[in-house]
Amino acid sequence: MDIAITGAHVVPVTTEPFDGTVVITDDRITALGPDVEVPEGHEVVDAAGAWLLPGFVDAHVHLGVWEEGEGWAGQDTNEMTDPVMAAARALDAINPLDQGFDDALMGGVTSVNVNPGSGNPIGGLTVAIKTWGRVVDEMVLRSPSGLKAALGENPKRVYGEQKKTPSTRLGTALVIRKAFTEARNHGAKDDAEGHLVNEALLAVLNREIPWRQHCHRADDIATALRMADEFGYELVLDHGTESWKIADLVAARNVPVLYGPLIVTRSKVEVRDRLLAAPGILDRAGVPVSLITDHPVVPIEYLVTQAALAVREGMDADAALRSITINPARVMGVDDRVGSLEEGKDADVVLWSGDPLALASRVLRTWVSGREVYRWDEQTQTPTWAKRY
């Protein structure tokens, strides 16, 4: 449907806010500005002063592979039968009917990066998707969008309990180094399984996709930086809990940090130094920082709540908005389509009752690719979602 959203306070993120109109034709933004006229044939949506922003982006979730309320039946996050699962694809396990996708739309999150878990040193290929669609193939923005790996406690615990390598941090680093060395030296093996593994690893070595490194402690982050220097791949730090302690080293390499989740207990030793002020510290140091929920660790609708808390603890408000829009879109390699309001980009737009960084604000309407998929009914105080089937 062709629409023109008028009378809105528009926050494009990459340019200055303005009061005016955003025009959507088919699935794209075709015009925006304070003096834009409504084209003939477009339905007018009067925003009445509400805030219009791009859909938020969460670059680290387990939506659809770690389903809520499904118990073991909905748990497809980790294939922990081999420490090197480079060829496994999160795409193949995503259920678009997971309740979390509706929660995302309610929270203004329209794009996510779905990751395998962190039980393996090399966990598998990630995928960037929209949060609305009938089948996952219709939701894909980029596939693959990265290769997930893990340092620290998770892989050493999983395989240590099985009496296998790795059972230590040095063992985990060894597994990763061996896999990269084999892929670099031998290329694709003759057997199908080896071919697929090396193909995925070579995509990282050739800098076609980023290496998504799960790590929390500063020493593990140093190891991640060291191995990236050794093999020359594009590194992204997922979680980066103690990255604020060595922010200068991370910034010097221009390595993005996907910080979070923020509003969790200190459930394990690695996150005892998680800090609400950390995103602001990283941003001021020059680190490209994004905020993540790790959904369902933190429910995805609270992505913006984490941004608000980061602002309370010293992060610049504009930087906080970038951390849940354009910054994660860049990490996912989809910033040409989402993450800001610009002509030619996907019409993933969200109408808020007010400033989304104010906790009293709520999402009024959500559009994905120009289709309205969520609405809050002010009269009945109830939400409605577009039917997926």
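See the structure above.
Since we're looking at a predicted model, the values are computed, not measured.

A.B. asks: Please provide a residue-by-residue account of the overall build of the protein chain, values included.
C.D. replies: Secondary structure summary: the protein chain contains ten helices and 17 strands in total. By the compact-globule yardstick of 21 Å for 389 residues, the protein chain fits well, its C-alpha radius of gyration being 21 Å. Across its three principal directions, the C-alpha atoms of the protein chain cover 65 × 45 × 35 Å. Per-residue burial over the protein chain gives 58% buried out of 389 residues.

A.B. asks: Report on helix α1 (residues 99-106), specifying residues and quantitative values.
C.D. replies: Of all the eight residues making up α1, six are buried; the element is thus mostly covered by neighbouring parts of the structure. Residues of α1 that are buried make contact with β7 (109-114), β8 (122-130), β15 (363-368), β16 (371-377) and β17 (382-385). Backbone geometry just downstream of α1 places Gly108 in the positive-phi region, at approximately 80°.

A.B. asks: Before we move on, can you summarise the side chain of Glu242 with the specific residues and values?
C.D. replies: Residue position: Glu242 is located in the loop between β11 (235-239) and α6 (247-252). Ignoring sequence-local partners within four residues, the contact set of Glu242 consists of His216, Arg217, Ala218, Ile221, Glu270 and Asp273.

A.B. asks: A description of the sheet that holds β7 should follow, citing residues and the corresponding values.
C.D. replies: The mixed open sheet is built from eight strands, whose spatial order is β6-β7-β8-β9-β10-β11-β12-β13. A strand with exactly one partner marks an edge of an open sheet, and here the two such strands are β6 (56-61) and β13 (289-291). Averaged over all adjacent pairs, the angle separating strand axes in this sheet is 25°, with direction ignored. In the sheet, strand β9 (residues 140-150) pairs with strand β10 (residues 211-215) via four bridges, with the strands oriented parallel. Paired with Ala149 across the two strands is Gln213, which belongs to β10.

A.B. asks: Which residues make up unusual backbone geometry, and what are the values?
C.D. replies: A cis amide bond links Ser143 to the next residue, Pro144, at an omega of -5°. Tracing the backbone through its elements, the reader meets Pro144 in strand β9. Even without a glycine there, the phi angle at Arg207 is positive, about 60°. Residue placement: Arg207 occurs in the loop between α4 (192-205) and β10.

A.B. asks: I'd like a description of the packing of aromatic side chains, backed by residues and values.
C.D. replies: This structure, assessed with the given rule, holds six aromatic pairs. Arranged with centres 5.5 Å apart and planes meeting at 45°, the rings of Trp211 and Tyr233 form a pair that is tilted. Within this pair, whereas Trp211 is found in strand β10, its partner Tyr233 is found in the loop between α5 (218-231) and β11, the two being separated by 22 residues in sequence. Considered together, Trp211 and Tyr233 belong to a single accessibility category, that of buried residues. Between the aromatic rings of Tyr374 and Trp385, the centroid separation amounts to 5.5 Å while the plane-to-plane angle is 55°, which identifies the pairing as tilted. Of this pair, Tyr374 sits in strand β16 while Trp385 sits in strand β17, placing them eleven residues apart in sequence. Residue Tyr374 is classed as buried on the basis of its relative accessible area of 2%. Overall, the relative accessible area of 28% leaves Trp385 in the partly exposed class. Across the ring face of Trp376, the terminal group of Arg362 is positioned such that the distance to the ring centre comes to 3.7 Å.

A.B. asks: Just give me the short version of the pairing of β8, but keep the residues and values in it.
C.D. replies: Most of β8 is tucked away: nine of the nine residues are buried. Sheet analysis places β7 next to β8, joined by four bridges and oriented antiparallel. Bridge pairing in β8 places Asn113 opposite Ala128. Sheet topology note: the β8/β9 ladder contains six bridges and is antiparallel. The residue of β9 that forms the bridge with Thr126 is Gly146.

What counts as what
- Residues numbered from 1 in each chain as written.
- Predicted model: local features only at pLDDT ≥ 70, side-chain atom pairs only at ≥ 80, totals over all residues.
- Heavy atoms only, no water.
- Helix = DSSP H or I, 4+ residues; strand = E, 2+ residues; numbered from the N terminus.
- Rg over C-alpha atoms; globule rule 2.2 N^0.38 Å.
- Buried < 20%, exposed > 50% of the residue type's maximum accessible area, 1.4 Å probe, protein only.
- Contact = heavy atoms within 4.5 Å.
- Pairing = 2+ DSSP bridges.
- Axes fitted to C-alpha atoms, helices over the stretch in contact; angles between N-to-C directions.
- Phe/Tyr/Trp six-rings, centres within 6.5 Å; stacked < 30°, edge-to-face > 60°.
- Lys NZ or Arg CZ within 6 Å of the ring centre and 35° of its normal.

Any functional reading would require information beyond the geometric quantities listed.
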